[in-house]
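Here is how the chains run, residue by residue.
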Amino acid sequence: MSESEGYRNEAEAEKLHEPRGVPLHNVHRHDVLVVGAGLAALSGALEAAKIGDVGVVTKLFPTRSHSGAAQGGIAASLANQEEDHWEWHMFDTVKGSDYLGDQDAIEILVREASSVVRGFEHMGCPFSRTEGGRLAQRKFGGHTKDFGKGGPVLRACYAADRTGHVLLHTLWEQCVKHQVRFYSEYLALSLIVKDKVCRGIVALDMATGEVHIFHARAVLLGTGGYGRVFSITSNSFANTGDGLGLAMRVGIPLEDMEFVQFHPTGLYPHGILITEGARGEGGYLVNDEGERFMEKYAPEKMELAPRDVISRAIQTEINEGRGIGGKGYVNLDVRHLGAEKIKERLPQIAEVVSKFAGVDVNEAPIPIQPTAHYSMGGIPTDLDCRVLADGKGEVLKGLFAAGECACVSVHGANRLGTNSLLEAALYGRRAGLALAREVKGLPFNEMPEEVAEQDLKMLERLLGAKGEEKVADLRKRLQEEMMAKCGVFRNEKDLNSLLETVKDCQERYRNIGIKDRSRCFNTEVVEAIEFGYQLDFTEAIVAGAINRKESRGAHARTDFKERDDTNWLKHTLALKIEEGIRFDYKPVTITRFKPKARVY
Ligand SMILES: Cc1cc2nc3c(=O)[nH]c(=O)nc-3n(C[C@H](O)[C@H](O)[C@H](O)COP(=O)(O)OP(=O)(O)OC[C@H]3O[C@@H](n4cnc5c(N)ncnc54)[C@H](O)[C@@H]3O)c2cc1C
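Residues numbered from 1 in each chain as written. Predicted model: local features only at pLDDT ≥ 70, side-chain atom pairs only at ≥ 80, totals over all residues. Heavy atoms only, no water.

A.B. asks: How would you explain the packing of helix H6 (residues 242–249) against helix H16 (residues 523–547) if you had to name every residue and give the values?
C.D. replies: It is at 8 Å that the axes of H6 and H16 come closest, and there the two elements cross at 70 degrees. In terms of their interaxial angle, H6 and H16 are classed as roughly perpendicular. Of the residues in H16, those touching H6 at Asp242, Leu244, Gly245, Leu246, Met248 and Arg249 are Glu530, Gly532, Tyr533, Asp536, Phe537 and Ala540. In terms of residue class, the contact of H6 with H16 is built from 6 nonpolar, 2 polar and 4 charged. (Axes fitted to C-alpha atoms, helices over the stretch in contact; angles between N-to-C directions. Helix = DSSP H or I, 4+ residues; strand = E, 2+ residues; numbered from the N terminus. Parallel < 35°, antiparallel > 145°, perpendicular 65-115°, else oblique. Contact = heavy atoms within 4.5 Å. Nonpolar A, V, L, I, M, F, W, Y, C, P; charged D, E, K, R; others polar.)

A.B. asks: Requested: an account of the pattern of salt bridges, with residues and values cited.
C.D. replies: Applying the stated criterion across every chain yields a total of 58 salt bridges. The salt bridge partner of Glu449 is Arg20, with a shortest N-O separation of 3.6 Å. Of this pair, Glu449 sits in the loop between helix H12 (419–438) and helix H13 (453–463) while Arg20 sits in the loop between helix H1 (11–15) and strand E1 (27–35), placing them 429 residues apart in sequence. For Arg20, a relative accessible area of 40% translates into the label partly exposed. Between Asp565 and Arg552 there is a salt bridge whose closest N-O contact spans 2.8 Å. One end of the pair, Asp565, is in helix H17 (residues 565–568); the other, Arg552, is in the loop between H16 and strand E21 (556–557), and 13 residues separate them in sequence. Salt bridges here are not isolated pairs; linked through shared partners, they connect Asp98, Glu258, Asp308, Arg312, Arg548, Glu550, Arg552, Arg563, Asp565 and Arg598. (Salt bridge = Lys/Arg side-chain N within 4 Å of Asp/Glu carboxyl O. Buried < 20%, exposed > 50% of the residue type's maximum accessible area, 1.4 Å probe, protein only.)

A.B. asks: If you had to explain the sheet that holds strand E22 (residues 570–577) to someone new, which residues and values would you point to?
C.D. replies: What the 3 strands build is an open sheet, ordered E10-E22-E23; its pairing is antiparallel. In this open sheet, the two edge strands, each paired with only one partner strand, are strand E10 (254–255) and strand E23 (580–587). As judged from the 8 bridges shared by E22 and E23, these two strands associate in the antiparallel manner. Bridge assignment links Ala574 to a residue of E23, and that residue is Phe583. Contacting E10, E22 and E23, H16 crosses the sheet at an angle of about 60 degrees to E23. (Pairing = 2+ DSSP bridges.)

A.B. asks: Mind laying out the side chain of Asn547, listing which residues take part and the relevant values?
C.D. replies: Positionally, Asn547 belongs in helix H16. When neighbours within four sequence positions are excluded, Asn547 is seen to be in contact with Trp568, Thr572, Phe583 and Tyr585.

A.B. asks: Summarise the pairing of strand E8 (residues 197–205); cite the residues concerned and give the values.
C.D. replies: Of all 9 residues that make up E8, 9 are buried, and the element is covered over most of its length. Bridge analysis of strand E7 (residues 186–194) against E8 gives 8 bridges, and the strand direction is antiparallel. Looking at the pairing, Val193 lines up with Cys198 of E8. Between E7 and E8, which pair antiparallel one after the other, the connecting turn spans 2 residues, and Asp195 there sits at a positive phi close to 50 degrees. With 6 bridges connecting them, E8 and strand E9 (residues 210–221) associate as antiparallel partners. The partner of Asp205 across the bridge, within E9, is Glu210.

Rendered as structure tokens:
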């Protein structure tokens, strides 16, 4: 642990150049440095801590990470209550991904799922249980029996509607036990990459405004998603996709960024999540005419079709005037489940709906609309979470990524509910295991002397910024246009005008003003930095959506309505260059299930 306190009093310190502008006591050293403290990051930290010294840099207190907000469940074909097999889970995930998921990565996901869930059980995670004492499982959209031929299957393990909360707390306790060193409320500013090797990160201690350098043999990014680039989202305020910006700025292309998941049931009007578990337990969707409209869109799977299908159905009902009272929402009705079941299985939902919509779910239906929820794309990695410098085969030494910020691609064009907690925990653990194997062989590569200079300059510039533009205004404009033009349905004309807006915001961002001049918890500066990341990767989302001229999974183009396997059964890699975004592609790994028409 002494090493984590920096280079002070260490013989090694003498061998180092003192980085310009950062005192040595703000320079820390860890075998492994993890950025983030959600499910992916902490799963990795815990494994790596078994062999070395691990530091975690996180802008939130660990248990406030968005993983803790996850409600519905974590998938594993345990077959505790009825027959299930990993092959069924694999088929569902491949079909759910609209055949864009890489099947080697998916096979690992579904085969190792049971060991992940049991691992949590053995750590003492308080899952909900059956009367016989086994882990209880519930139904979720797109998870079926017998390769889609049967009905919905009981596959999602859960803890009432607070699954993420219990998983995250369990992991955090284990990390504390294994002496992981936490740097909470530190914002990562840049990755230190030289000669294609990652040697650590530079971060801002938000409490003091001081810059710190974290020197490491290897870095794991577990920085989560970016729902906050949309005006209506289920994501917490911190979900600004910083890791994607960090990766883009060191020249890593981002994979499949055009695929953004809209969850069907966000509470109207702000989009707070109403778990799919509400439909898993038997909730109905109803339009203004009182019709269970899913009959028209997915006659067999109804409310338990995958999210992209249901979001499009809801949006179509709203667009065609069948929203409740002609407004922008339809109803989710759970009244028939009965007060007892609601209290036992969906207590948090009942509370949220009462507090934020003033509705008693036992008495009235819940007003819902699609809400920006999850990022299928991200930083390209191999099966052990090593970041791919070119998005394809070339590994960037010393850099790993897992969870929502990464794209190993298990979700392809559309993620199934409960597969994300699974991915974060499982691939986070794989990253940790790979780090544990490899880190001893990785040296502490020397850091460049000017390592923090750019970040120091950037902070000084922001603290003195006297420009005309306000970050809050630019962000609002971008979020609203992203929702209107890059939402559930997309078309070329809207996307082109949106891309102009992104570029205009990038231009105006150069001329922002910051009123708060203090260094201590300067949230105006922090938000400006976060918005800078968003402006970078939003361009990749929008340009990617323009570029992909087909409809697949969550990417629904009204001007290219069909899936086009001949031209588009491939992953997009979006590289930021001077003139904008340059695209490259890589093939989808198909092992067991050949692409077929996707009907539910
Ligand atoms: C409301 C809600 C409900 C959900 N329910 C489910 C569910 O039931 N089942 C399911 O499978 N999935 C669910 N999901 C999705 C799932 O929760 C997430 O995809 C998953 O938890 C992401 O985990 P993560 O570890 O990748 O990131 P997160 O848990 O989001 O953690 C990101 C971490 O990165 C840190 N960070 C970010 N930027 C920086 C920076 N610049 N510097 C330092 N630290 C930084 C943050 O502090 C945080 O600790 C839900 C999502 C939401 C929003």
